[in-house]
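# Summary of structural features
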Amino acid sequence: MTVYNFSAGPAVLPAPVLLKAQSELLDYENSGQSVLEMSHRSPIFESIREAAEQSLRRLMSIPDSYSVLFLQGGATLQFAMLPQNLATKTGRIDFIDTGGWSTKAMADAKRYATVNVLASSADHGYRFIPEGPFTSTADYLHITWNNTLEGTTYQTPPHVDVPLVADVSSSILSEPLPIESFDVLYAGAQKNLGVAGLTVVIVKNELLDRVPDTIGAYLRYDIHAKQRSLYNTPPTFSLYMTKLVLDWIEETGLEAIAARNVSQAHMLYEAIDQSDLFHNHVAVKDRSRMNIPFSTGSESEDAAFLNFAARHDLINLAGHRSIGGMRASLYNAMPTEGVTALLHIMHRFEQGER
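Presented here is a report on the structure given in the accompanying data block. (Residues numbered from 1 in each chain as written. Predicted model: local features only at pLDDT ≥ 70, side-chain atom pairs only at ≥ 80, totals over all residues. Heavy atoms only, no water.)

Summarising the element assignment, glycine 125 is placed in the loop between strand 4 (114-120) and strand 5 (140-144). Classification of glycine 125 as partly exposed rests on a relative accessible area of 46%. With 86 residues separating them along the chain, glycine 125 and serine 39 place their C-alpha atoms 48 Å apart. (Helix = DSSP H or I, 4+ residues; strand = E, 2+ residues; numbered from the N terminus. Buried < 20%, exposed > 50% of the residue type's maximum accessible area, 1.4 Å probe, protein only.)

Printed below as a string of structure tokens:
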């Protein structure tokens, strides 16, 4: 039986990664140890951490002028760490509000700084990404690159004269990004980078001078950068899993993965647009390739479709609880066969099968 998992996160992992982790679980590289029981300060674990960092730097073309941090707390902890570390000059942060994760980031930021919303699509149900030009004099501008709940994404970074910070949790390494257009990128690992427990923060080194010594040590980017993410015990197994995923991306090729993501998203959007039953209300130019919401417009029909899909081994298709309907998350590890199976089930359901 083949089950296709469309979860928004934690999400489907590449089969070769799972098999590699399985084969090394009891004995990592003839060390006689599992990564699960390995000291984070041992040379063998340091080689895992270093390999993960260098792989990420190659894949994203991250120059030495940026630090790569492997942290805990999920991307959600960054909603509080960012203002405490970086909103230290004017005490003001600008946001472009594009959905649920933007609003959560703003809510936490308000505890530490003055928050200003430069633009928002809230009045239109977050169905598009606001367009500039934007002017900012804040300590930084925060955006959510891909909106997991609403199914929208940026195509190009907004240009501003202040540092640009982006939450890329649900899109990191699904496409090439112009790294030097950003000053901070951060992402939870459990969508395209691995498993839950690890958060990646990529921060321009010059911003580390802003970090005050009045916040807790674990919350300080400069300490994590200086200690190479080993200030305390990192999420060792999660970091190992991210190393395996990064190896898989390098072996597959980021450009090939990005092309497949475009193709698979096009397949699903085309089926939705041609359907008389299913609908997607996102502005075409801003449609996400990672998270695709759709609905019949009827809660009972949506529930019937979800049940029909699950009976045919298509799981975790329910939309976020705040939005409803369906959502297909097509992360890097989703095979084209999974998308084809979804299209087949959508067609059968629309033809009246239950």
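The structure having been displayed, the exposition proceeds.
Core analysis: the largest hydrophobic core is formed by 52 residues, its most contacted members being Leu56, Met60, Leu173 and Ile202. Looking at which element gives the most residues to this core, the answer is helix 6 (residues 236-252), with eight residues. Core analysis: the second largest hydrophobic core is formed by 26 residues, Ala109, Tyr186, Val201 and Tyr221 among them. (Core = buried A, V, L, I, M, F, W, Y, C linked by side-chain atoms within 4.5 Å.)

Turning to its location among the elements, arginine 49 is positioned in helix 2 (residues 43-60). Side chain to side chain, arginine 49 and glutamate 46 meet in a polar contact 3.2 Å long. Among all residues touching arginine 49, those that are not within four sequence positions of it are Phe70, Arg228, Leu230 and Leu239. (Polar contact = N/O pair within 3.5 Å; in protein donor to acceptor, adjacent residues only side chain to side chain. Contact = heavy atoms within 4.5 Å.)

What follows is about unusual backbone geometry. Cis peptide bonds are those with omega within 30 degrees of zero, and the linkage from glycine 9 to proline 10 qualifies with -5°. Topologically, proline 10 is positioned in the loop between strand 1 (4-5) and helix 1 (15-24). In this structure, the amide linkage connecting glycine 132 to the following residue, proline 133, adopts the cis form with an omega of 10°. Mapped onto the elements, proline 133 comes out in the loop between strand 4 and strand 5. Residue serine 229 is not a glycine yet carries a positive backbone phi of 65°. With respect to the helices, strands and loops of the structure, serine 229 is situated in the loop between helix 5 (221-226) and helix 6. Despite not being glycine, aspartate 313 shows a phi value in the positive range, around 70°.

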